[in-house]
2 protein chains.
Amino acid sequence: MTTTWVEGAAGSLFDIDNLPYGVFSRPGEEPRVGVRIGDHVLDLAPVAELGDPASELAAAWRTPSLNAFMAMGGEWWRTARGWIVEVLGDEVHRARTQPHLVPLADVSLHLPVEVADYVDFYASEYHASNVGRIFRPGQEPLLPNWKHLPVGYHGRAGTVVGSGTPVVRPQGQRKAPTEEVPSFGPSRRLDIEAELGFVVGSGSELGSPVAHDAFPDHVFGVVGLNDWSARDIQAWEYVPLGPFLGKSFATSVSHWVTPLQALGAAWTELPGQDPTPLPYLGPGEAKGLDIDVEVVLNGEVVSRPPYRTMYWSPAQMLAHMTVNGASLRTGDLYASGTISGTEPDQRGSFLELSWGGKEPFGAEHWEGGRTFLEDGDEVVLRYTAPGTGGGRIALGEVVGRIEPAR
Amino acid sequence: MTTTWVEGAAGSLFDIDNLPYGVFSRPGEEPRVGVRIGDHVLDLAPVAELGDPASELAAAWRTPSLNAFMAMGGEWWRTARGWIVEVLGDEVHRARTQPHLVPLADVSLHLPVEVADYVDFYASEYHASNVGRIFRPGQEPLLPNWKHLPVGYHGRAGTVVGSGTPVVRPQGQRKAPTEEVPSFGPSRRLDIEAELGFVVGSGSELGSPVAHDAFPDHVFGVVGLNDWSARDIQAWEYVPLGPFLGKSFATSVSHWVTPLQALGAAWTELPGQDPTPLPYLGPGEAKGLDIDVEVVLNGEVVSRPPYRTMYWSPAQMLAHMTVNGASLRTGDLYASGTISGTEPDQRGSFLELSWGGKEPFGAEHWEGGRTFLEDGDEVVLRYTAPGTGGGRIALGEVVGRIEPAR
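Scoring rules and cut-offs
Residues numbered from 1 in each chain as written. Chains lettered and ligands numbered in written order. Predicted model: local features only at pLDDT ≥ 70, side-chain atom pairs only at ≥ 80, totals over all residues. Heavy atoms only, no water. UniProt positions renumbered as here; feature names shortened; annotations may be inferred. Least-squares fit on C-alpha atoms with pLDDT ≥ 70 in both. Contact = heavy atoms within 4.5 Å. Helix = DSSP H or I, 4+ residues; strand = E, 2+ residues; numbered from the N terminus. Buried < 20%, exposed > 50% of the residue type's maximum accessible area, 1.4 Å probe, protein only. 1 Å grid on protein atoms, 1.4 Å probe; cavity = no way out; pocket = protein on both sides within 12 Å on 5 of 7 lines; lining within 4 Å. Points joined across faces, edges and corners; volume = space filled by probe spheres on them. Nonpolar A, V, L, I, M, F, W, Y, C, P; charged D, E, K, R; others polar. Polar contact = N/O pair within 3.5 Å; in protein donor to acceptor, adjacent residues only side chain to side chain. pLDDT = per-residue confidence, 0-100. Pairing = 2+ DSSP bridges. Axes fitted to C-alpha atoms, helices over the stretch in contact; angles between N-to-C directions. Phe/Tyr/Trp six-rings, centres within 6.5 Å; stacked < 30°, edge-to-face > 60°. Lys NZ or Arg CZ within 6 Å of the ring centre and 35° of its normal.

Looking at an unreviewed UniProt entry, one finds chain A named fumarylacetoacetase, with Nocardioides koreensis as its source organism. UniProt, in the comment section headed Pathway (unreviewed entry), describes chain A in these words: "Amino-acid degradation; L-phenylalanine degradation; acetoacetate and fumarate from L-phenylalanine: step 6/6."

Below, the structure is given as structure tokens:
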């Protein structure tokens, strides 16, 4: 593995085999694209302007989102990464590059992607089964379509926000099963959903499905994602057209987009699919990702969902989303749905951790335990994966603090 | 009422009390904003550059969508319309304006809005009841939430296309109730949904609901809209998260956006709401729109849905969509859902017109009648409303022809 001359980076979770992209600014400067190495951001555009690589990259990196760079396509993504590894790996580039390494502590980080369409899937068998058991006790937990297709729906792209953006408790209509009529007020069952997001870099034509094996040509990278959910609003509104206001108030994503190239060592076998999916979903060839997730509530780890337990693969979700001819655009974001494993301490939502609010969790940290989110709560989602250098890499974390309803 | 010097416009459906905005181009030229009068498009930017009004308008009108103009806000929308009425109404402006009137026959029309988020409601009681009766015979046709809130969901913004764009028959998973397992192939139940779309011109802040009476500050105008639907794909996929691929392959909108100012005479009382909605939905103050719709299949009118029969008002849909704090962006589009009246010949979908495919319609035009869309079919949606000048105005029509699956 290449080593880096950047001090403090070697052996860290942001070593030279990671190199996630983000959008940063220093006070008084315009946001632009950078890459993270250790505890620094490399300001890409001025380094690119010093000579190689092509000036197209420098122009794309001077913009306030990753979209222009992503739209250049897969060959440019590979060219760019090769050049960055060269610049940060070879001492010969150190003198001219070091002035453009900015300490993380000196920058603001921004939403990295201008989101086009946002789709949320429901790809964890254990999450979907838990939710089925909680909401429809005594019935078959998975609905008949669940193992035939990756169930998904469109969310609100305009309320995808960067990590750290405060989340205002939503208001809306709620009706408990015991109530006669709905009432209006702040959500009483505000929740998280720990997910992984996939960022589309390269679009496709309307009317032309994207095959499952074209996944690396279209997907640029991954983000951490918290799909905040108001369970009481959702439960009342969602029939028959699905979740709407119970989700659309905020979806938080990490500041860092980890390119697929950094996840080369993270691909793993799926747990297994039975029945065999239809051919357009590429059964047998589909791979999962071995990513560990931590859900941290007010500083305490309350769950460790394992992404490797997901039923549907990222490439299958992409193939399904476009099989009807729907086009992709640069900036499209699709998320996995809540990641939950087989064990109680691997559940990716408070709905599941507290089993519908009936079994408080975390009594070892908080007297009486916890159920749903309270005002002032801070949730951090952390993600790590095997790196191509033999160690581990961190994906971008997702932070959000709950503010009272306005 | 002001009269216009533009020949052929007075007394037409595109008289000076209409003036819808669109985006047009002549061969070899860049698309830009125009306004329709009679059978001409006024090329707005060069006329604005001749002197008044402000140069900001001319700059916004030189762009290939209405978004820049809409983002300027309600005061500018009023200023612009006042100036256009003056220019097209007063002979004194004729000599310098006439060179910028382009015959419609000489231009191409484009998708008028860069769509941010797309939301589709379900606001017709008769449509929702019909669908309930068809899909859940013997049960209560409306679900318990339906009269408490305008049910809606997010659709795919990236596949909103301009009128005239061919619609390729989607492929996907379908499973009839009589089949054991799903099969893959072209949709066998391809349908239309005749709707009205509302275009958001002025955005709002995340965390701040938009009150129902702020509707005219945020909504710029309306479009005709056909929410193409593959009923077999939809029926299999939609539980529990709502429609996805059954809708996301294409949504067609008219080339013309009719500004709210042109609809001043079209507001009417709602049919009535019982129970009284919660206060944030402004019960009692909500108004509907008296717009007549025609559904034309291969040249024959097959239905005349009356928009005035809609249960939920446009302002209520807007208030509901944002009550959880979801922000609006310039270019957001929300649609009414299928418009269906009380009578069989007022239904806005083929699903209803053919009662789930069991009762073919249009036998007076086609031997044996019709159920769902066939390859080569052309559907035109036409809309008219009372104009402020005492006559009627036309909204933009929506045309689509079905191409075979690829």
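Resuming the write-up.
1. Focus on the relation of the copies chain B and chain A
When chain B is fitted to chain A, the best match, at an RMSD of 0.0 Å, comes from turning it 180° and sliding it 0.0 Å along the axis. The superposition of one copy onto the other is thereby described by a two-fold rotation axis. When C-alpha positions in chain B are compared against the rotation axis, the closest is assigned to B:Gly242, at 2.0 Å. The overlap is high: 100% of the interface residues of chain B also sit at the interface in chain A, so the same surface is used on both sides.

2. Topic: unusual backbone geometry
Note: most residues except glycine have negative phi, and most peptide bonds are trans. With an omega of -5°, the peptide bond running from A:Val239 to A:Pro240 counts as cis. Mapped onto the elements of the fold, A:Pro240 is located in the loop between helix 8 (231-237) and strand 16 (251-253). Despite not being glycine, A:Asn298 has its phi angle at roughly 45°, a positive value. With respect to the helices, strands and loops of the structure, A:Asn298 is situated in the loop between strand 20 (292-297) and strand 21 (300-303). A residue is classified by how much of its surface remains accessible, and A:Asn298, at 33% relative accessible area, is partly exposed. If you check the backbone angles, B:Trp355 has positive phi at about 45° while not being a glycine.

3. Points about the UniProt feature "domain: Fumarylacetoacetase-like C-terminal" (unreviewed entry) in chain A
The UniProt entry lists residues 120-386 of chain A under the feature "domain: Fumarylacetoacetase-like C-terminal" (unreviewed entry), expressed in the numbering used here. The span residues 120-386 of chain A is 13% helical and 27% strand by assignment, and the distance between its end C-alpha atoms comes to 25 Å.

4. Section: empty space enclosed by the protein
All names here are of chain B. Using the criterion set out here, one finds 7 cavities of 30 Å³ or more in the structure. Estimated volume of the largest cavity: approximately 80 Å³. Looking at the lining of the largest cavity, the elements with two or more residues in it are strand 6 (118-121) and strand 7 (152-155). The dominant element in the lining of the largest cavity, judged by the number of residues it contributes, is strand 7, at 3 residues. Taken together, the residues that form the lining of the largest cavity break down as 4 nonpolar, 5 polar and 4 charged.

5. Considering the environment of B:Glu193
All names here are of chain B. Residue placement: glutamate 193 occurs in the loop between strand 12 (190-191) and strand 13 (194-200). Here glutamate 193 falls in the buried class, since its relative accessible area comes to 4%. Residues glutamate 193 and proline 177 lie 16 residues apart in sequence; the distance between their C-alpha atoms is 23 Å. For glutamate 193, the contacting residues outside a window of four places in its chain are Asp120, His127, Leu225, Asn226, Asp227, Ser229, Arg231, Lys247, Thr338, Gly348 and Leu381. Within polar-contact distance, the side chain of glutamate 193 engages the side chain of arginine 231 at 2.9 Å. Within the structure, glutamate 193 has its side chain in polar contact with the side chain of threonine 338 (distance 3.3 Å).

6. A look at the confidence of the model for chain A
Mean pLDDT over chain A: 97, with 99% of residues reaching 70 or higher. Element-level mean pLDDT values for chain A span from 93 in helix 2 (residues 55-61) of chain A up to 99 in strand 13 (residues 194-200) of chain A.

7. Some thoughts on the environment of B:Lys175
Residues and elements named next belong to chain B. Checked against the element boundaries, lysine 175 lands in the loop between strand 10 (171-174) and strand 11 (183-186). Among the residues examined, lysine 175 registers a relative accessible area of 22% and is labelled partly exposed. Between the C-alpha atoms of lysine 175 and alanine 211, which are 36 residues apart in sequence, the distance is 43 Å. Residues within four places of lysine 175 in sequence aside, it is in contact with Glu180, Val181, Pro182 and Trp236. Within the local environment of lysine 175, its side chain forms a polar contact with the backbone oxygen of glutamate 179, the two atoms lying 3.1 Å apart.

8. Let's talk about the sheet that holds strand 3 (residues 40-43) of chain B
Residue and element names in this part refer to chain B. The sheet built from 5 strands is open, its strands ordered 4-3-2-1-5 with antiparallel pairing. In this open sheet, the two edge strands, each paired with only one partner strand, are strand 4 (101-103) and strand 5 (108-110). The mean angle between the axes of side-by-side strands here comes to 50°, regardless of whether they run parallel or antiparallel. Running at roughly 65° to strand 1 (residues 21-25), helix 4 (residues 74-89) makes contact with strand 1, strand 2 (32-37) and strand 3 of the sheet.

9. With respect to helix 6 (residues 125-135) of chain A
All names here are of chain A. Counting buried residues along helix 6, 8 of its 11 residues qualify, which places the element largely inside the surrounding structure. Among all positions of helix 6, only Glu125, His127, Ala128, Ser129, Asn130, Val131, Gly132 and Ile134 are buried. Those residues of helix 6 that are buried lie in contact with helix 10 (350-353).

10. Notes on the packing of aromatic side chains
According to the stated counting rule, one finds 30 aromatic pairs over all chains in the structure shown. Look at B:Trp77 and B:Phe220: their rings are 5.2 Å apart centre to centre, the planes differ by 85°, and that puts the pair in the edge-to-face class. With B:Trp77 in helix 4 and B:Phe220 in strand 14 (residues 219-226), this residue pair connects regions lying 143 residues apart in the sequence. Each member of the pair, B:Trp77 as well as B:Phe220, carries the same accessibility label: buried. By the ring-pair criterion, three or more aromatic residues cluster together here, those being A:Tyr21, A:Trp61, A:Phe69, A:Trp77, A:Trp83 and A:Phe220. Residue placement shows A:Arg36 over the ring face of A:Phe14; its charged tip is 3.6 Å from the ring centre.

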